[in-house]
Amino acid sequence: MNFLQQFVDARRTFQYDYIYIDAFFLLIWIIILLRNKKHSALIFGAIIAPIIYFIDAVIWWNKSAGPEFSAGTFIREYWIGGIQISHHLGNFFWLKFGADFMMTISYSLFSFSWIWIMFENIRKKPIGWKEIWKFSTIYFSFWILIPLLSILLPINNMVVEAVRHMQAQIPFMIADVVGGYLILLIVYRKELATVGKVFLIGVAASLIMEIPLYLFQIRPIGIKFLFFEALFLLNQGVPYLFLVYDKLLMKNKQHNGQRK
């Protein structure tokens, strides 16, 4: 599969018990955040989660993949147990919802709460390396264990194949990243190191997701695609989220604190 095809027809193939194991580790992740008083991080992930779900499980599920495909082909498609899931879900409603939950809601609660914690710690003086390493290690370890346990434990070995047809998205993805970081370079022209840190957060967040998919052959990709995803996947949104975090939420918090 060539580089372009790997992206435009992004695929995942996994056993259904991956979803159960992912939900178990998500519960542990939420407990860890609560015990460490990372309520804002959890709320941040919870706000983004339904947005990601709506885009993937509603818009892309119902939007045509384009004229390059046969009639009735949509951007998001599923095969569960070897059966292609039609839009008349019937008995497949909950099976599809489980896959949607894992790939959108669970992913958002993991990834965007972690990103919030990274934002917090790069703005600390000195930088909060202890928390960065702590939460990054936990997050990455969980995402390595999930596919490993799915392979080892015979809970539900029914195969799920998820496909996302994204033929027209590469130019928009690159434009989002370039535009976002140009804005950051203007806003933080006197803090260029901050821009670099934000970029590395986007790269790390993408790698934490993609490396386990690559190692366990859940996503059939090559090193070039992995490198592309690291640079562009989450960096489409990370610079904009950082501006919201730093210039809106934190400034408002400081202003309210001064008023009190």
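Keep in mind that what you see is a predicted model, and the values were worked out from it rather than measured.

S.K.: I would appreciate a short explanation of the overall build of the chain in the present structure.
M.R.: The helix and strand inventory of the chain stands at 9 helices and 4 strands. Ordered by position from the N terminus, the helices and strands of the chain form the series α-β-α-α-β-β-α-α-β-α-α-α-α. What you see for the chain is a C-alpha radius of gyration of 19 Å, in line with the 18 Å of a compact globule of 260 residues. When the 260 residues of the chain are sorted by exposure, 46% land in the buried category. Nonlocal contacts in the chain, meaning residues at least 24 apart in sequence, comprise 80% of its contacts between residues at least 6 apart. When the accessible surface of the chain is split by element, carbon and sulfur atoms take 68% of a total near 13400 Å².

S.K.: Looking at this structure, I do not really get the layout of surface pockets. What am I missing?
M.R.: The computed volume of the largest pocket comes to approximately 860 Å³. Lining the largest pocket are 33 residues, and of these I52, W60, L233, L234 and Q236 lie nearest its centre. Looking at the lining of the largest pocket, the elements with two or more residues in it are β1 (9-15), α3 (39-62), α4 (93-122), β4 (159-165), α6 (170-187), α7 (192-215) and α9 (238-259). Take the lining of the largest pocket: its biggest share by element is 6 residues, from α3. The residue inventory of the lining of the largest pocket, partitioned by class, reads 20 nonpolar, 4 polar and 9 charged.

S.K.: Sorry, what's going on with empty space enclosed by the protein here?
M.R.: Gaps left between atoms show up when a probe the size of a water molecule is rolled over them. Considering all chains together, one arrives at 1 cavity of 30 Å³ or more under this definition. Taken together, the elements giving at least two residues each to the lining of the largest cavity come down to α2 (17-35) and α4. Considering each element in turn, the lining of the largest cavity owes the most residues, 3 residues, to α4. Across the lining of the largest cavity, the residue classes tally to 6 nonpolar, no polar and 2 charged.

S.K.: Is there a simple way to think about a nonpolar patch on the surface in this case?
M.R.: A contiguous nonpolar surface patch, about 620 Å² in accessible area, is contributed by Y20, L145, L148, I151, L152, L153 and I155. Top element by residues in the nonpolar patch is helix α5 (residues 129-152). It accounts for 4 residues. Along the chain, L145 falls in helix α5. By relative accessible area, L145 is classed as partly exposed at 33%.

S.K.: Just checking my understanding: could you explain the packing of α2 against α5 for this structure?
M.R.: What describes two packed helices is the angle between their axes and the distance between those same axes. Where α2 contacts α5, the two axes come as close as 8 Å, and the packing angle between them is 160°. On the basis of the axis angle, α2 is roughly antiparallel to α5. Crossing angle aside, the handedness with which α2 passes α5 is right-handed. Residues D17, Y18, I21, D22, F25, I28, W29, I32 and L33 of α2 form the contact with α5, whose own contacting residues are F135, I138, Y139, F142, L145, I146, P147, L149 and S150.

S.K.: Just to check I follow, could you spell out the pairing of β4 for this structure?
M.R.: Along any regular strand the residues' side chains alternate between the sheet's two faces. Burial analysis of β4 places 5 of its 7 residues in the buried class, which makes it a mostly covered element. Strand direction decides the pairing type here: β1 and β4, joined by 7 bridges, are antiparallel. Residue pairing for β4: D9 is matched across the bridge by H165. Inspection of the sheet shows strand β2 (residues 76-80) paired to β4 by 5 bridges, in the antiparallel sense. Note that in β4 the partner of I80 across the bridge is V160.

S.K.: Would you mind going over α6 with me for this structure?
M.R.: At 3.6 residues per turn, the α-helix brings residues three or four places apart onto the same side. For α6, with 18 residues, the first-to-last C-alpha span of 26 Å sits near the 26 Å given by 1.5 Å per residue. For α6, the set of buried residues is I170, M173, V177, G180, Y181 and L184. Projected down its long axis, α6 carries its buried residues within an arc of 110°, all on one side. Residues of α6 that are exposed and point over 90 degrees away from its buried face: P171, F172 and I186.

S.K.: I would appreciate a short explanation of the packing of aromatic side chains in the present structure.
M.R.: Working definition: an aromatic ring pair is given by the centre-to-centre distance plus the angle between the planes. This structure, assessed with the given rule, holds 27 aromatic pairs. By way of ring pairs, the aromatic residues W29, Y107, F110, F112, W114, F135, Y139 and W143 are connected into one cluster. For R76, the ring lying beneath its charged end belongs to Y78, and the centroid distance is 5.7 Å. In this arrangement the basic side chain of K96 is found over the ring face of W61, its NZ or CZ atom lying 4.5 Å from the centre.

S.K.: Teacher, can you tell me more about the pattern of salt bridges here?
M.R.: Side-chain pairs of opposite charge can arise whenever the charged atoms involved come near each other. In the structure shown here, the tally under the stated rule is 9 salt bridges. Of the charged contacts in the structure, one is a salt bridge between K38 and E131, with a shortest N-O distance of 2.8 Å. Here E131 lies in helix α5 and K38 lies in the loop between α2 and α3, a separation of 93 residues in the sequence.

Parameters and conventions
- Residues numbered from 1 in each chain as written.
- Predicted model: local features only at pLDDT ≥ 70, side-chain atom pairs only at ≥ 80, totals over all residues.
- Heavy atoms only, no water.
- Helix = DSSP H or I, 4+ residues; strand = E, 2+ residues; numbered from the N terminus.
- Rg over C-alpha atoms; globule rule 2.2 N^0.38 Å.
- Buried < 20%, exposed > 50% of the residue type's maximum accessible area, 1.4 Å probe, protein only.
- Contact = heavy atoms within 4.5 Å.
- Areas by Shrake-Rupley, 256 points an atom, 1.4 Å probe, with all protein chains shown as cover.
- 1 Å grid on protein atoms, 1.4 Å probe; cavity = no way out; pocket = protein on both sides within 12 Å on 5 of 7 lines; lining within 4 Å.
- Points joined across faces, edges and corners; volume = space filled by probe spheres on them.
- Nonpolar A, V, L, I, M, F, W, Y, C, P; charged D, E, K, R; others polar.
- Patch = residues over 30% accessible without salt bridge, like charges linked within 9 Å, V, L, I, M, F, W, Y side chains within 5 Å.
- Salt bridge = Lys/Arg side-chain N within 4 Å of Asp/Glu carboxyl O.
- Axes fitted to C-alpha atoms, helices over the stretch in contact; angles between N-to-C directions.
- Parallel < 35°, antiparallel > 145°, perpendicular 65-115°, else oblique.
- Left-handed = near helix turned anticlockwise from the far one by under 90°.
- Pairing = 2+ DSSP bridges.
- Expected span 1.5 Å × (residues − 1).
- Arc of directions from axis to C-beta.
- Phe/Tyr/Trp six-rings, centres within 6.5 Å; stacked < 30°, edge-to-face > 60°.
- Lys NZ or Arg CZ within 6 Å of the ring centre and 35° of its normal.

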